[in-house]
Amino acid sequence: MKVGIANDHHGVDVKNELIKKLTNMGYDIIDYGTNESEMVDYPLYAFKIGEAVRDKQIDFGILLCNSGIGMSIACNKVKGVRCAKVSSNWDAEMTRRDNDANVIALSTRNSIDDLVSMINTFLTTDFKQIDRYIRRVEQIDNYKND
């Protein structure tokens, strides 16, 4: 499983620590930046992850910023992406199980242990193949905003 991770300037140190922990857990992590602590525009990094998911370069994405909200909004602009801002293990499980989310957005204000737990829950939870969940995901994927 290939997992991409990206962050804004708030998440450099957190991301680097997460990469170590997730790699030790056996995940293949690809770093999409930033690696600088100077202020950057988070949408650029959210788009990188979204495009990598869309283009099937990675299976799942992880986004880190101060709140996780902006990254989620930006990433969801990429067609084929279902990014959820997650604050708990329950959120992480539900967004995979019910919504087949392929990107998770997290706040760097969480502890490393909580982040690792939420990410692991997200990556190990399968989409539940129930007709109503499939139908809803298809409605989201097929929506055209002309």
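Up top you'll find the structure we're talking about.
Caption draft 1: Quick look at the pairing of strand S2 (residues 28-31). By the bridge criterion, four bridges tie strand S1 (residues 2-7) to S2 in an arrangement that is parallel. When the bridges of S2 are listed, Val 3 appears paired with Ile 29. With helix H1 (residues 12-24) bridging S1 and the parallel S2, this β-α-β connection has right-handed handedness.

Caption draft 2: Local environment of the layout of surface pockets. Within this model, the largest pocket holds a volume of roughly 380 Å³. Along its surface, the largest pocket is lined by 17 residues, and Asn 76, Val 78, Gly 80, Val 81 and Ile 140 are the ones closest to its centre. Taken together, the elements giving at least two residues each to the lining of the largest pocket come down to strand S4 (83-85) and helix H6 (131-142). Looking at the lining of the largest pocket residue by residue, the classes come out as seven nonpolar, five polar and five charged. One number sums up the size of the second largest pocket: a volume of about 150 Å³.

Caption draft 3: Looking closely at unusual backbone geometry. Cis geometry marks the peptide bond from Gly 33 to Thr 34, where omega comes out at -5 degrees. The topology assignment puts Thr 34 in the loop between S2 and helix H2 (42-54). One non-glycine residue, Lys 56, lies in the positive phi region at around 60 degrees. Along the chain, the position of Lys 56 falls in the loop between H2 and strand S3 (60-65). A positive phi angle, close to 50 degrees, is found at Asp 100, a residue other than glycine. When you line up the elements, Asp 100 lands in the loop between helix H4 (89-97) and strand S5 (103-107).

Caption draft 4: Representation of the sheet that holds S2. Read across the open sheet, the five strands follow the order S2-S1-S3-S5-S4; overall the sheet is parallel. Of all the strands in the sheet, the pair left with one neighbour each is S2 and S4. Each adjacent strand pair in this sheet contributes to an overall mean axis angle of 25 degrees, direction not counted. Here S3 runs beside S5; their pairing, made up of five bridges, is parallel. Across the sheet, the residue bridging to Ile 62 is Ile 104, located in S5.

Caption draft 5: Up close: the packing of H4 against helix H5 (residues 112-124). Put simply, H4 and H5 touch, their axes get as near as 8 Å, and they point 20 degrees apart. It follows from the interaxial angle that H4 and H5 lie roughly parallel. The handedness of the crossing between H4 and H5 is right-handed. Contacts between H4 and H5 pair Asn 89, Ala 92, Glu 93, Thr 95 and Arg 96 from the former with Ser 117, Met 118, Thr 121 and Phe 122 from the latter.

Caption draft 6: Spatial organisation of a positive patch on the surface. A cluster of basic side chains, namely Lys 128, Arg 132, Arg 135 and Arg 136, defines a positive patch on the protein surface. Mapped onto the elements of the fold, Arg 135 is located in helix H6. Under the relative-accessibility criterion, Arg 135 is labelled partly exposed at 43%.

Conventions used here
Residue indices begin from 1 for each chain and proceed along its sequence in written order. Given that this is a predicted model, residues contribute local features only at a pLDDT of at least 70 and side-chain atom pairs are listed and counted only at 80 or more, while totals for whole chains, interfaces and linings are drawn from all residues. Water and hydrogen atoms play no part in the side-chain values, which are based on all heavy atoms of the structure. The pairing criterion for strands is at least two bridges between them, as found by DSSP. Helix and strand assignments come from DSSP, with helices taken as H or I runs of at least 4 residues and strands as E runs of at least 2, each series counted from the N terminus. We call a crossover right-handed when, viewed with the strands running away from us, the connection from the first strand over the helix to the second turns clockwise. Grid points spaced at 1 Å over the protein atoms alone were grouped into cavities, where a 1.4 Å probe fits but cannot get out, and pockets, open sets with protein on both sides within 12 Å along at least five of seven lines, with lining residues defined by an atom within 4 Å of a point. Grid points are joined across faces, edges and corners, and a volume is the space filled by probe spheres set on the points. Three classes are used: nonpolar for Ala, Val, Leu, Ile, Met, Phe, Trp, Tyr, Cys and Pro, charged for Asp, Glu, Lys and Arg, and polar for all others, with Gly counted as polar. Helix axes are fitted to C-alpha atoms over the stretch in contact, other axes to C-alpha atoms as well, and angles between N-to-C directions run from 0 to 180 degrees. By the definition adopted for this analysis, an angle is roughly parallel if under 35 degrees, roughly antiparallel if over 145, roughly perpendicular if from 65 to 115, and oblique otherwise. Crossing handedness is read from the near helix: turned anticlockwise from the far helix by less than a right angle, it gives a left-handed crossing, and turned clockwise, a right-handed one. Working rule for contacts: check all heavy atoms of both residues, and any pair within 4.5 Å makes them a contact. Two joining distances apply to patches: 9 Å for like charges and 5 Å for nonpolar side chains (Val, Leu, Ile, Met, Phe, Trp, Tyr), and every residue must have over 30% relative accessible area and no salt bridge. In short, Shrake-Rupley with a 1.4 Å probe defines the accessible areas, and a residue's cover is counted only from the protein chains shown. The term salt bridge refers to a side-chain nitrogen of Lys or Arg lying within 4 Å of a carboxyl oxygen of Asp or Glu. A positive count includes Lys and Arg, and a negative count includes Asp and Glu. His and the chain ends are not counted in either. By convention, charge coordinates are those of NZ in Lys, CZ in Arg, CG in Asp, or CD in Glu. Buried, partly exposed and exposed residues are distinguished by accessible area as a fraction of the type maximum, computed with a 1.4 Å probe on protein chains only: under 20%, between the cut-offs, and over 50%, respectively.

Interpretation in functional terms is not warranted from these geometric data alone.
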